[in-house]
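Analysis of the macromolecular model
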Amino acid sequence: MGLSAALWGPLGLLLSLALPPAVGAHTHRDYCVLGAGPAGLQVAAFLHHAGRDYEVFERTPAPGSFFMRYPRHRKLISINKRYTGKNNAEFNLRHDWNSLLSHDPRLVFRHYSRAYFPDAGDMVRYLRDFADRLGLHVRYNTNIVHVTLKKDWQAWNSHYFILTNQKGQVYQCSVLLVATGLSVPNLVDFPGSEYAEGYESVSVDPEDFVGQNVLILGRGNSAFETAENILGVTNFIHMLSRSRVRLSWATHYVGDLRAINNGLLDTYQLKSLDGLLESDLRDLAIVKDAKGKFHITLGFFLEETNASRSADAIPLPQDDNDNFAMRVAYDRVIRCLGWKFDFSIFNQSLRLSSGSEFSKKYPLIRASYESKGTRGLFILGTASHSVDYRKSAGGFIHGFRYTVRAVHRLLEHRHHGIPWPCTEHPTTQLTNSIIRRVNEASGLYQMFGVLADVILLKENATAFEYLEEFPMQMLAQLETLTGRTAKHGLFIINMEYGKNFSGPDKDVFFHDRSVGHTEDAWQSNFLHPVIYYYRHLPTEQEVRFRPAHWPLPRPTAIHHIVEDFLTDWTAPVGHILPLRRFLENCLDTDLRSFYAESCFLFTLTRQKLPPFCQQGYLRKQGLVYTKSLQQHGVESGLLRDYATMGQVLEDSSRQPGDQEPVNQPLGTGHLIHLDSNKEEL
C-alpha cells in the first residue's frame, strides 16, 4: 500500500479530524446572528424551525447579558399582564410585552413572573430557557471584534461577511443578522463632564446618597429610575436636560417616561425640594471646589477667564444673578443620557453610518430592516428602532418580535423561494377575516403604523389572499419581497391613532376625546383600525411622496372603524355593518349570505349574482330553505308570510265542496325591504 493510501486509511482519517484547520480556513454559515439577547434568540428560533444553517455568536457565557446588568435597579418597565379574561393566545400577546414567539406553550413569560413589572432576573431565566428548550445553536464566550466583507460573485449577495472573534478565529456568513442592541452610553462633551458618574456604574445602594444634593443629567426612564431609587434619602434631586419631559401616556410612545418611574414629578410639583430644569448641556460647565462639591456655571465663563476649573477662580452665574436656579452645590452628578449602537466592530466598507447625529445612535437601514449600505446585512431588535423611532414599539420586545418575523419571511422568499405565508378565502369571508384580525392580532396592535395586513384580491374579486404583518413602507416592493401578485386590487389593514390627538403639549384627557358615532369614525382619537383600498399597487414614488402625516399614499378609498373603549370591534351595527358596506362599495358587490331560494330569485332577476350565491347556491352549498326557517323568518319580521296570504286568497275564492290541495309546495319567502341597520345584518 502506498504512503498516500495509508494516510487516507482509518488512521489518516482520525489524524485529519484531530488536526486544527489550516490557516485561512473559514467556518461557513448561511446565517450568522450577532448577540443572544431577545432579538437574536427570536430570529434564531425562526431559522431553527425552518431548518436553516445558522449560528448565534454571544460574547458572554449565557444569553440575555444586557438584562444581567440592566436596568440597574432591576425592575423592568415592560408589562406582564397575566390575566385578560380571554383564552386566545394571540390576543393575550397584546398585553404580554416580554414573551418571544415560539410554538412551545411553556415559553410564555407569565410562567416566569407574577409581577406586573417583572424583575430583570426573571428575563434572564426566561431567555436561558428559551435558548435551551428550543435547542438553538448559540456559540457562547465568542466575542466578534471585527466584521468586514469579501467580494464573491457566487455568494447570495455577491459578497460574504467575514467575522473575527477575540481569538482570531474567522467565520464566513452569507447573511449577517445584527442583534447587539444599543450598548454604548451616550456622552455629551462639555467642560467638567468627566466629574459625572455614569448610569452604568453609579451605586444602586440608597445608603450611599443619604443627606446628599444630587444632580441627574438626563430626562428618560433611566434618569427617573435612578431618582426613584434615592428619592427618600437625598436632600434634594435636580434633573437637567435640554428637552421637556415626555410622558408615555401623553405621547403613546412606550420609550417615554413611564408612570412607574415618575415619582420625582410629584415631589417637584408638590413643592418638596426636588425639581426639573431645561438647558443644553453643551452650554454648561461643571467645576469642582476645594471641598469636593460641584458647581454649575456657563461654558463661556471658562472661555473668558481661561482659568483653572476651581470654583474660586471661575465666575458663577449667581455672581450676577443671585437667584440663579442652580446656585447650590452638588455632592453627586449622575449621567443618564441613554445608549447608542456600537459601530466599532464594523469595517467602514459596510457603510452602517452616514456620520449624521441620528445615524450615530442607530445604523442606517431601510424599512425592510436591511442596511442601506450593504445588501444581506440586517439590523434587528432595539438597534432597528430607527424605522419607527418615537412612533411605534419597534425598539422593544413586544414590537421587534414581529419585525424579526417579518425579516425572516423576507429572507425565506429571497434565498429559499418560499413565498410570504398567506391564507386564501372566498370573498364572502372578507369581512370576517378583517374583523378577526383587528380583534385578535398582536403584531398589528403593537406595531401600529409599521406592520400592516395586506389583502390581495383575485381576478373578478371572487377570492383573496391574506398576508399578515407586512412592512408598510415597503408596499411598492410587495410583489418582489413576498412572491405574491397584486394585479386585481388590494386592501391594507392598519392600526392608527388620531393624527392630532397625542403629543407633549396636548391634553389627551380633554372632555370629548372619545368618538362613538359611526359617521365620525374618521375623527377617532384612540387606536383603531383603518382600511385602505387600492385598485393598483402603489409605486415607490407614490410611497415616498405620500401626503404629510399619512402612513400610506392616498388610496382609492379609505375606511375608519370607529374607536372602541374596550378595543373590541365586534359591534354588529357600529363596527361590522359599516365595514361590510365599505368593502361592498369597493368591490361593487353584495357580501351578505342568502338562503337558497333568494339565490334562485337572483339568478332570474339579476345580471350579477352576489359572491355567496356564486360560491354557494350554484355549487349546491347554499342554506336549505325549510319550513322551520321560514317560520323563524316570519316571526322575526324579516319575511312576509306569503303562504298564509296565499291561503287567505285561496279560501276566499274556494267554492263549497272544493278539496284541500295536497303536497302544495312551500311559498317562496321573499326578503322584505329593510328599514334599519339591524334588519340588514
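Just above, that's the structure.
All values derive from a computational prediction rather than experimental measurement.

A short note on the overall build of the protein chain
- What the protein chain contains, in helices and strands, is 21 helices and 22 strands.
- Taking all 681 residues of the protein chain together, the buried fraction comes to 49%.
- Pairs at least 24 residues apart make up 65% of the contacts formed inside the protein chain by residues separated by at least 6 positions.
- Taken as a whole, the protein chain presents about 34000 Å² of accessible surface, with 51% of it coming from carbon and sulfur.

What about the sheet that holds strand S14 (residues 332-335)?
- Strand order in the open sheet formed by five strands is S8-S14-S9-S10-S11, and the pairing between neighbours is parallel. Because the sheet does not close on itself, it has two edges, and the strands there are strand S8 (197-198) and strand S11 (275-278).
- Bridge count between S8 and S14: two bridges; the pairing is parallel. Bridge pairing in S14 places Gly198 opposite Arg335.
- Along the sheet, helix H7 (residues 221-230) makes contact with strand S9 (213-217), strand S10 (236-241), S11 and S14, crossing S10 at roughly 175°.

Topic: the state of the cysteines
- Counted by the stated rule, this structure contains two disulfides.
- The disulfide bridge from Cys32 ends at Cys173, spanning 1.9 Å between sulfur atoms. Residues Cys32 and Cys173 share a disulfide whose torsion about the S-S bond is about -80°; that sign makes it left-handed. Here Cys32, found in strand S1 (residues 27-34), pairs with Cys173, found in strand S6 (residues 170-178); they are 141 residues apart in sequence, far enough to count as distant.
- Of the residues examined, Cys32 reaches a relative accessible area of 0% and is grouped as buried.

So, the side chain of His295
- Of note, His295 is situated in strand S13 (residues 294-298).
- Here the side chain of His295 touches Asp289 through a polar contact of 2.9 Å, side chain to side chain.

Examining helix H16 (residues 572-587)
- In a regular helix each residue adds 1.5 Å, so 16 residues correspond to 22 Å; H16 covers 21 Å between its end C-alpha atoms and thus fits that length.
- Turning to H16, its buried residues number three or more, namely His575, Leu577, Pro578, Leu579, Arg580, Phe582, Leu583, Glu584, Cys586 and Leu587.
- Two residues or fewer past H16, Asp588 is found with a positive phi of approximately 55°.

Considering empty space enclosed by the protein
- A complete count under the given rule lists three cavities of 30 Å³ or more for this structure.
- Roughly 50 Å³ of internal volume is contained in the largest cavity.
- Pro185, Tyr199, Glu200, Ser222, Arg335, Cys336, Leu337, Gly338 and Trp339 are the residues that line the largest cavity.
- Its residues assigned to classes, the lining of the largest cavity comprises five nonpolar, two polar and two charged.

Some words on the packing of aromatic side chains
- Within this structure, the stated rule accounts for 26 aromatic pairs.
- Judged by centre distance (6.0 Å) and plane angle (20°), the ring pair of Tyr70 and Tyr199 falls under stacked. One end of the pair, Tyr70, is in the loop between helix H4 (65-69) and helix H5 (89-92); the other, Tyr199, is in the loop between S8 and S9, with 129 residues separating them in the sequence.
- Tyr70 sits in the buried class, given a relative accessible area of 9%.
- Its relative accessible area of 6% is what places Tyr199 among the buried residues.
- Here the aromatic cluster, defined as three or more aromatic residues joined through ring pairs, consists of Phe66, Phe67, Tyr70, Tyr199 and Trp339.
- For the cation-ring pair, Lys86 lies above Phe91, with the distance from its terminal atom to the ring centre recorded as 4.2 Å.
- Stacked on the ring of Trp550, the Lys or Arg Arg554 has its end atom at 5.1 Å from the ring centre.

Some points on unusual backbone geometry
- The omega angle of the peptide bond from Tyr70 to Pro71 is -5°, so this bond is cis rather than trans.
- The backbone of Lys271 shows a phi angle near 60°, a positive value even though the residue is not glycine.
- Its place among the elements puts Lys271 in the loop between helix H9 (263-269) and S11.
- Residue class for Lys271 comes out exposed when judged on its relative accessible area of 73%.

Re the packing of helix H3 (residues 38-50) against helix H11 (residues 397-416)
- Where H3 meets H11, the closest approach of the two axes is 9 Å, and the angle between their N-to-C directions is 35°. With respect to the hand of their crossing, H3 and H11 are arranged in right-handed fashion. From H3, Pro38, Ala39, Gln42, Val43, Phe46, Leu47 and Ala50 reach across to H11, where they touch Ile397, Phe400, Arg401, Val404, Arg405, His408 and Glu412.
- Each residue belonging to the contact of H3 with H11 can be placed in one class, and the counts come to nine nonpolar, two polar and three charged.

Here we look at the packing of helix H12 (residues 430-440) against H16
- The N-to-C vectors of H12 and H16 enclose an angle of 130°; their axes lie 10 Å apart at closest approach. One finds that H12 runs oblique with respect to H16. Where H12 crosses over H16, the two elements pack in a sense that is right-handed. Contact residues: Leu430, Thr431, Ile434 and Ile435 in H12; Ile576, Leu579, Arg580, Leu583 and Leu587 in H16.
- Grouping the constituent residues of the contact of H12 with H16 by class yields seven nonpolar, one polar and one charged.

Notes on the pattern of salt bridges
- Under the criterion given, the structure shown has 23 salt bridges.
- One salt bridge in this structure joins Glu197 and Arg332, with 2.6 Å as the shortest N-O distance. Of the two residues, Glu197 is situated in strand S8 and Arg332 in strand S14; the sequence distance between them amounts to 135 residues.
- Note that Arg414 and Glu370 form a salt bridge whose closest N and O atoms lie 2.8 Å from each other. Of the two residues, Arg414 is situated in helix H11 and Glu370 in the loop between strand S15 (339-340) and strand S16 (377-379); the sequence distance between them amounts to 44 residues.

Examining H3
- Helix length check: H3 (13 residues) gives 19 Å between terminal C-alpha atoms against 18 Å at 1.5 Å per residue, within 8%.
- Of all the 13 residues making up H3, ten are buried; the element is thus mostly covered by neighbouring parts of the structure.
- Within the span of H3, buried status applies to Pro38, Ala39, Gly40, Leu41, Gln42, Val43, Ala44, Ala45, Phe46 and Leu47.
- Backbone geometry just downstream of H3 places Gly51 in the positive-phi region, at approximately 75°.

Calculation rules
- Residues numbered from 1 in each chain as written.
- Predicted model: local features only at pLDDT ≥ 70, side-chain atom pairs only at ≥ 80, totals over all residues.
- Heavy atoms only, no water.
- Helix = DSSP H or I, 4+ residues; strand = E, 2+ residues; numbered from the N terminus.
- Buried < 20%, exposed > 50% of the residue type's maximum accessible area, 1.4 Å probe, protein only.
- Contact = heavy atoms within 4.5 Å.
- Areas by Shrake-Rupley, 256 points an atom, 1.4 Å probe, with all protein chains shown as cover.
- Pairing = 2+ DSSP bridges.
- Axes fitted to C-alpha atoms, helices over the stretch in contact; angles between N-to-C directions.
- Disulfide = S-S within 2.5 Å.
- Polar contact = N/O pair within 3.5 Å; in protein donor to acceptor, adjacent residues only side chain to side chain.
- Expected span 1.5 Å × (residues − 1).
- 1 Å grid on protein atoms, 1.4 Å probe; cavity = no way out; pocket = protein on both sides within 12 Å on 5 of 7 lines; lining within 4 Å.
- Points joined across faces, edges and corners; volume = space filled by probe spheres on them.
- Nonpolar A, V, L, I, M, F, W, Y, C, P; charged D, E, K, R; others polar.
- Phe/Tyr/Trp six-rings, centres within 6.5 Å; stacked < 30°, edge-to-face > 60°.
- Lys NZ or Arg CZ within 6 Å of the ring centre and 35° of its normal.
- Left-handed = near helix turned anticlockwise from the far one by under 90°.
- Parallel < 35°, antiparallel > 145°, perpendicular 65-115°, else oblique.
- Salt bridge = Lys/Arg side-chain N within 4 Å of Asp/Glu carboxyl O.

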